[in-house]
Amino acid sequence: MLRQYELVEKVRDYDTSADEDALNRAYVFSMMAHGHQTRESGDPYFSHPVEVAGILADMRLDGASIITGLLHDTVEDTDATLEGIEEQFGPEVGRLVDGVTKLSRLELQSENTKQAENFRKLLLAMSEDIRVLLVKLADRLHNMRTLHHVAKPEKRVRTASETMEIYAPLAERIGMQALKDELEDLAFIELNPTARASVVERLRYLREEGGDMITRIVERLQKTLAEAGIEAEVIGREKRPYSIWRTMQRKNVGFEQLSDIVAFRVVVDTIPRCYETLGVVHGTWPTVPGRFKDYISTPKPNGYRSIHTTVYGPEHQRLEIQIRTREMHEIAEFGVAAHWSYKSGDPTSAVRDGRQYRWVRELLEILEHAAGPEEFLEHTKLEMFQDQVFCFSPRGDIIALPRGATPVDFAYAVHTDVGDTCVGAKINGQIKPLRTILENGDQVEIVRSNVAAPSPTWEQFVVTGKARSRIRRFVRGKERDEYIQLGKAIVERAFVQAGFESTRKAIRRACEVLGEKTPDDLFAAVGDGRITGTAAVGAVYPEAVEGKPGKGKATRGKKDGGSAGDHAIPIRGLIPGMAVHFANCCHPLPGDRIVGIVTTGKGVTIHTIDCDMLQQFEATPERWIDVAWTVDGETAELHVGRIHVTVSNEPGTLGTMSTLIARNNGNISNLKITNRSTDFFDMVIDVEVRDVKHLTNVIAALRANPSVNSVERSRL
Ligand code: MN
């Protein structure tokens, strides 16, 4: 255990302005408060806060943080009060101790379901003062270091998984690599002792086999650099078992290469020296292609900067080398905590300064929009474990996104409004689909429209939590509205068709009989197909529908000439993909005669009235509803029409066809060649058009071309 004077000296070593008197008083206060309490190890309890304070001093944190480390358990576990602490140590320490105490209380009631909620509060607390999180992380680190003393295995496992899932990723996100590595490895010991033992054993073997290879390489690197006139500190450090284990899993292979287990670091004094060092290293040993990364000019979002490269070294093994300045090295090891060593004055300025902590605000934004803790944890876990891509806005701002991100993610990362109104994207100057996966260095310009709204289909391809939660929120809100709107229309028409009026009284009666709380609940249930319109009428007038299951069935075109009846439900204004879906078999277009088929829980699928697929619904007439396009005014939406085309196999034919389609304002959304012979191509083309008339124009234009053999609209 650190003695009082050792701790004070340790702090004074890096912070000469630290309040020595306050540190001494805090040490004594904590010792008195914890008195004879002991830990599970049998050690006096007081050793814990002292060790936590020591860890914080290793991070070179300010005096208030060290004092908070000493006092962090006194309010929760002893007779000490927050008021008393404030009185003796001032409001700043009072606030910090309060924050840590609150987090510890959350931890005590931590059950699996509570985890995400705790995490949420943890973040909320840290967003006020990041030092609260730093003390909490130091507390967790010491508890993990002493975890083997805890008697109950299930408690050890719970603490270890919580560390792996929540605290280690948090440490990483604030750039505290060394802390993150140690937390993960300590958790690994508990969670997968067999795997860890095998990694440790293999490491031991490699070390024996290679002799003193690491020292030899360090000396060789140092000598080579010295000969080039570069003064550098070279460190060769074995990676931790957990990080080796992760690499093995990622590559799905065992580890043999030195570069899998040791990272060499070259620390120099200036940025130009970094590049000079790189030049010497690359000039001396052959490089391994594709392994060079310049995080100096493009730092990671957590502030990490370094040059990474891998070369075939002096003994022909792969060497992974990280080149950085002293300051970068400190930040790489201590992350946000390192800012205290470099920035004097108000420590909270480091917390609030700029984009480095933008992810905190982003997470908070997700919290506000997420439906529940599970959804939130899913988002954050997703984001924390993925690699990143860096893209540029037209103004040159760097936007960091997880790998696999699309222009929609980019748009939401720029601003919620930009995401909500995006309709297209230019990537490096070219129009590209919104589902395009972005790559490092892409310049992305978002095309926006004021009338646009998030599309439910985006959810299938976005990868950022921010975009997904925003789209989900929109869809959730919108979906019920759509079901209500559709259900209301269905119910009203069912009443009229049965010869009644859907008065408020009748609707209320139907709600009572069918067990729905409000008319909107009833309409939503009808809209999504759980209750039929006929059943709603039957609830009020049982005699009207008895023995007439076909009542309310849509008038089928083949039987009455296909005129949409007066009772047809207009589908305009409903967003495809929510309450209304367009069938993939017949691709109905505005102008087609159509019918709706109700699917429980999904709403209505629209088919053309002559679609062959309708046969399978002959036996369930209650699922049919009359629907009609509403043709007033301009329909902004485009629909996909599908055509079968046979063209002669000549050079340039495909080009001519796409030109013809484009000239008629059609947009090819998909093209598939189904048959290719020496003289002809058969293909299926999906064309986005306004309506049937529009598609007919496109077809006519294609037919007029001499190299086009036949064009037919596809029904299947
Ligand atoms: Mn503690």
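Residues numbered from 1 in each chain as written. Predicted model: local features only at pLDDT ≥ 70, side-chain atom pairs only at ≥ 80, totals over all residues. Heavy atoms only, no water.

Draft legend 1. Up close: the coordination of the manganese ion. Protein coordination of the manganese ion is provided by His-48 (NE2), His-72 (NE2), Asp-73 (OD) and Asp-139 (OD), with donor distances spanning 2.2 to 2.4 Å. Mapped onto the polypeptide sequence, the residues donating to the manganese ion form the spacing pattern H-x23-H-D-x65-D. With His-48 in helix α3 (residues 47–58) and Asp-73 in the loop between α4 (63–71) and α5 (74–77), this pair connects stretches of sequence that are 25 residues apart. Residue His-48 is classed as buried on the basis of its relative accessible area, which comes to 1%. (Donors = N, O, S within 2.8 Å, 3.2 Å for Na, K, Ca; no water. Helix = DSSP H or I, 4+ residues; strand = E, 2+ residues; numbered from the N terminus. Buried < 20%, exposed > 50% of the residue type's maximum accessible area, 1.4 Å probe, protein only.)

Draft legend 2. Layout of the packing of helix α24 (residues 504–514) against helix α26 (residues 533–540). Their axes nearest at 8 Å, the elements α24 and α26 cross at an angle of 95°. The angle between α24 and α26 falls in the class roughly perpendicular. Where α24 approaches α26, its residues Ala-506, Arg-509, Ala-510, Val-513 and Leu-514 are matched on the opposing element by Ala-535, Ala-536, Ala-539 and Val-540. Split into classes, the residues belonging to the contact of α24 with α26 amount to 8 nonpolar, no polar and 1 charged. (Axes fitted to C-alpha atoms, helices over the stretch in contact; angles between N-to-C directions. Parallel < 35°, antiparallel > 145°, perpendicular 65-115°, else oblique. Contact = heavy atoms within 4.5 Å. Nonpolar A, V, L, I, M, F, W, Y, C, P; charged D, E, K, R; others polar.)

Draft legend 3. Just the side chain of Thr-325, in detail. Mapped onto the elements of the fold, Thr-325 is located in strand β5 (residues 318–325). Classification of Thr-325 by relative accessible area gives buried; the value is 7%. Setting aside residues no more than four positions away along its own chain, Thr-325 makes contact with Val-267, Val-268, Asp-269, Thr-270, Ile-271 and Cys-274.

Draft legend 4. Structural context of the environment of Val-491. Mapping Val-491 onto the fold places it in helix α23 (residues 465–497). With 45 residues separating them along the chain, Val-491 and Ala-536 place their C-alpha atoms 6.8 Å apart. Setting aside residues up to four positions removed in sequence, Val-491 forms contacts with Ile-507, Phe-523, Val-526 and Ala-536.

Draft legend 5. Just the sheet that holds strand β4 (residues 307–312), in detail. Here we have 5 strands laid out as an open sheet, ordered β1-β2-β5-β4-β3, and mixed in their pairing. Sheet topology places β1 (233–238) and β3 (293–294) at the edges, where each strand pairs with a single neighbour. Bridging between strand β2 (residues 262–268) and β5 involves 6 bridges; their strand directions are parallel. Following the sheet pairing, Arg-265 is matched in β5 by Gln-322. (Pairing = 2+ DSSP bridges.)

Draft legend 6. Just the packing of helix α2 (residues 20–34) against α4, in detail. The N-to-C vectors of α2 and α4 enclose an angle of 10°; their axes lie 9 Å apart at closest approach. Judged by the angle between their axes, α2 and α4 are roughly parallel. Contacts between α2 and α4 involve Ala-22, Leu-23, Ala-26, Tyr-27, Phe-29 and Ser-30 on the former and, on the latter, Gly-63, Ile-66, Ile-67, Leu-70 and Leu-71. In terms of residue class, the contact of α2 with α4 is built from 9 nonpolar, 2 polar and no charged.

Draft legend 7. Representation of the environment of Arg-468 within the structure. Relative to the assigned elements, Arg-468 resides in helix α23. Along the backbone, Arg-468 and Pro-456 are 12 residues apart, and their C-alpha atoms lie at a distance of 9.9 Å. A polar atom in the side chain of Arg-468 sits 2.5 Å from the backbone oxygen of Val-462. (Polar contact = N/O pair within 3.5 Å; in protein donor to acceptor, adjacent residues only side chain to side chain.)

Draft legend 8. Just the pattern of salt bridges, in detail. This model, assessed by the stated rule, comprises 27 salt bridges. Lys-10 is paired through a salt bridge with Asp-58; the nearest N and O atoms lie 2.6 Å apart. Linking Lys-10 in helix α1 (residues 4–14) with Asp-58 in helix α3, this pair joins segments that are 48 residues apart in sequence. In this structure, Glu-182 and Arg-145 form a salt bridge, with 2.7 Å as the shortest nitrogen-oxygen distance. (Salt bridge = Lys/Arg side-chain N within 4 Å of Asp/Glu carboxyl O.)

Draft legend 9. Focus on the sheet that holds strand β9 (residues 430–432). An order of β9-β8-β10 is seen for the 3 strands of this open sheet, with the pairing classed as antiparallel. The sheet terminates laterally at β9 and β10 (444–448), the two strands that pair on one side only. In this sheet, neighbouring strand axes are inclined to one another by 35° on average, regardless of whether the strands run parallel or antiparallel. Both strand β8 (residues 422–427) and β9 contribute to a ladder of 3 bridges, which runs antiparallel. Within β9, the position partnered with Ala-425 by the bridge is Lys-432.

Draft legend 10. Layout of the nonpolar core. Membership of the largest hydrophobic core comes to 91 residues, with the highest contact counts inside it found for Leu-71, Leu-183 and Ile-321. When near neighbours in sequence (up to four residues on either side) are disregarded, Leu-183 contacts Leu-137, Arg-140, Leu-141, Met-144, Thr-163, Tyr-167, Ala-168 and Ala-171. Counting 34 residues, the second-largest nonpolar core is a separate cluster that includes Ala-498, Ala-506, Val-540 and Trp-629. (Core = buried A, V, L, I, M, F, W, Y, C linked by side-chain atoms within 4.5 Å.)

Draft legend 11. Representation of unusual backbone geometry within the structure. One non-glycine residue, Arg-60, lies in the positive phi region at around 60°. In this fold, Arg-60 is placed in the loop between α3 and α4. The residue His-587 is not glycine, and still its phi comes out positive at about 45°. Following the sequence through the fold, His-587 ends up in the loop between β12 (580–582) and β13 (594–599).

Draft legend 12. Main features of α4. Burial within α4 is extensive, with 9 of its 9 residues counted as buried. What α4 keeps buried is the set Gly-63, Ala-64, Ser-65, Ile-66, Ile-67, Thr-68, Gly-69, Leu-70 and Leu-71.

Draft legend 13. Just the confidence of the model for the protein, in detail. Chain-level statistics for the protein give a pLDDT mean of 80 and a share of 81% at 70 or above. For residues 341–357, every residue scores under 50 in pLDDT, and the model assigns this stretch 27 contacts once sequence neighbours within four places are set aside. pLDDT under 50 marks residues 549–564. Its contacts with residues more than four places away, or in other chains, come to 30 contacts. (pLDDT = per-residue confidence, 0-100.)

Draft legend 14. Representation of the environment of Ala-400. Mapped onto the fold, Ala-400 is located in strand β7 (residues 398–402). A sequence separation of 10 residues divides Ala-400 from Phe-410, and the C-alpha atoms of the two residues are 8.6 Å apart.

Draft legend 15. Expanded view of helix α9 (residues 153–173). Its 21 residues place the ends of α9 29 Å apart at the C-alpha level, agreeing with the 30 Å of an ideal helix rising 1.5 Å per residue. The sharpest bend along α9 reaches about 40° and sits at Thr-163. After α9 finishes, the residue Gly-175 shows a positive phi value of roughly 80°. (Expected span 1.5 Å × (residues − 1). Bend = angle between axes of the 7 residues up to and from the residue.)

Draft legend 16. The packing of aromatic side chains, seen in detail. Evaluation of the coordinates by the stated rule reveals 7 aromatic pairs. Pairing Tyr-295 with Tyr-304 gives two aromatic rings, centres 6.0 Å apart and planes at 70°, and the pair type is edge-to-face. Tyr-304 carries the same exposure label as Tyr-295, and that label is buried. Note on Phe-495 and Tyr-541: the rings are 6.4 Å apart at their centroids and 80° apart in plane angle, and the pair reads as edge-to-face. In this pair, Phe-495 is assigned in helix α23 and Tyr-541 in the loop between α26 and α27 (542–545), connecting sequence segments 46 residues apart. (Phe/Tyr/Trp six-rings, centres within 6.5 Å; stacked < 30°, edge-to-face > 60°.)

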